[in-house]
Amino acid sequence: MVIDPLQLDGRRLPHGSRVYLRRPMLRDRAEFLARQAASRRLFRGRAAPLTDPRVFAAYVRRVHQGLTAGLLVCRIEDDAIVGCVNLSQIVRGPFQSAYMGYQVFEPFANQRYMSEALPLVLTVVFRHLKLHRVEANIQPENLPSISLVTGAGFRREGYSPRYLKIAGRWRDHERWAMTAETYRDVSRSR
Ligand SMILES: CC(C)(COP(=O)(O)OP(=O)(O)OC[C@H]1O[C@@H](n2cnc3c(N)ncnc32)[C@H](O)[C@@H]1OP(=O)(O)O)[C@@H](O)C(=O)NCCC(=O)NCCS
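Let me begin by describing the structure that accompanies this report. Because the structure is a prediction, the values reported are computed rather than measured. (Residues numbered from 1 in each chain as written. Predicted model: local features only at pLDDT ≥ 70, side-chain atom pairs only at ≥ 80, totals over all residues. Heavy atoms only, no water.)

**Some details on the pattern of salt bridges**
Then, number 1: One pass over the full model with this rule turns up eight salt bridges.
Then, number 2: Note that Arg54 is salt-bridged to Asp52, the shortest N-O span being 3.2 Å.
Then, number 3: Overall, the relative accessible area of 65% leaves Arg54 in the exposed class.
Then, number 4: Taking relative accessible area as the criterion, Asp52 reaches 24% and is therefore assigned partly exposed.
Then, number 5: Here Arg156 and Glu174 are joined by a salt bridge, their closest N and O atoms 3.5 Å apart. One end of the pair, Arg156, is in strand β6 (residues 155-166); the other, Glu174, is in strand β7 (residues 169-179), and 18 residues separate them in sequence.
Then, number 6: Residue Glu174 is classed as buried on the basis of its relative accessible area of 10%.
Then, number 7: Among the ionic contacts, a cluster of salt bridges with common partners joins Arg133, Glu135 and Glu157. (Salt bridge = Lys/Arg side-chain N within 4 Å of Asp/Glu carboxyl O. Buried < 20%, exposed > 50% of the residue type's maximum accessible area, 1.4 Å probe, protein only. Helix = DSSP H or I, 4+ residues; strand = E, 2+ residues; numbered from the N terminus.)

Structure representation (structure tokens):
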């Protein structure tokens, strides 16, 4: 099992965890690109698969420069990359906020891997990065994504018409967010 010490100490993973988080490395290229390509249908209308090796290299560079907190969701039993989460546009100062994007890869969808990963990601957001807020923008018909963030304790803050251009169309999004205060309350009640 490979645990990136920057993210989470393996010994502190919740009992029964099937996944851990680590930063992407250049040597992940073949598996990462293959999983993205295999997930084309799952991502349709929701996210653009990353299949260009140069874009992958630029992504890894951004992560290692600290511009994006890129997290691979890996399966403990065999280290397979089952998904990824990106915390981007991390703004400090009085805002202390980031945007969160995420994807599970085929053939791992609908197996609750991302539901298990999200609490680990929130540990990174609020304990490691010490942010005050994290926001996820979700298309209203993306029910798995809405269930995912609702289950983690995010609140729907608003609705943004024609917010993001995905697959050539401007698409409405709901804005879901969690603050450090909510995170504290949710963590205490679990
Ligand atoms: C959203 C996504 C990350 C969820 O990952 P996942 O590992 O399959 O999710 P999980 O198995 O942990 O399930 C999450 C929730 O979705 C629910 N769900 C799954 N399929 C569903 C469906 N068709 N309709 C409604 N809810 C559904 C699950 O029941 C679970 O909710 P629950 O905890 O209330 O039972 C995944 O669907 C994905 O990557 N989609 C394509 C890219 C994308 O949409 N990214 C997010 C953009 S905002």
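**Focus: the site of the ligand**
Then, number 1: Near the ligand, the surroundings consist of 20 residues, among which Val104, Asn110, Arg112, Ser115 and Asn142 are the closest.
Then, number 2: Here Gln111 contributes a backbone N or O atom positioned 3.4 Å from an oxygen atom of the ligand.
Then, number 3: In the model, an oxygen atom of the ligand is placed 2.6 Å from a nitrogen or oxygen of the Ser115 side chain.
Then, number 4: For the ligand, whose unbound accessible area comes to 960 Å², protein coverage reaches 73%.
Then, number 5: With respect to the pocket detection grid, the ligand is positioned in the largest pocket. (Near = heavy atom within 4 Å. Polar contact = N/O pair within 3.5 Å; in protein donor to acceptor, adjacent residues only side chain to side chain. Areas by Shrake-Rupley, 256 points an atom, 1.4 Å probe, with all protein chains shown as cover. 1 Å grid on protein atoms, 1.4 Å probe; cavity = no way out; pocket = protein on both sides within 12 Å on 5 of 7 lines; lining within 4 Å. Sits in = over half its atoms within 2 Å of the grid points.)

**A short note on the nonpolar core**
Then, number 1: Ranked by internal contacts, the top residues of the largest apolar core, which has 53 residues, are Met100 and Phe154.
Then, number 2: Excluding residues that lie within four positions of it along the chain, Met100 makes contacts with Val85, Asn86, Leu87, Leu118, Val121, Val134, Glu135, Ala136, Val149 and Phe154. (Core = buried A, V, L, I, M, F, W, Y, C linked by side-chain atoms within 4.5 Å. Contact = heavy atoms within 4.5 Å.)

**Quick word on the layout of surface pockets**
Unfilled space is identified by rolling a water-sized probe across the atoms.
Then, number 1: In this structure, the largest pocket encloses a volume near 1400 Å³.
Then, number 2: Lining the largest pocket are 46 residues; nearest its centre among them are Arg46, Ala47, Gly101, Tyr102 and Gln103.
Then, number 3: It is strand β4 (residues 97-104) that provides the largest number of residues to the lining of the largest pocket, a total of six residues.
Then, number 4: By residue class, the composition of the lining of the largest pocket is 25 nonpolar, 16 polar and five charged.
Then, number 5: Of the pockets and cavities examined, the second largest pocket occupies roughly 470 Å³.
Then, number 6: Together, 20 residues line the second largest pocket, and Pro14, Pro119, Leu120, Thr123 and Tyr183 are the ones closest to its centre.
Then, number 7: In terms of residue count, the dominant contributor to the lining of the second largest pocket is helix α4 (residues 113-128) (six residues). (Points joined across faces, edges and corners; volume = space filled by probe spheres on them. Nonpolar A, V, L, I, M, F, W, Y, C, P; charged D, E, K, R; others polar.)

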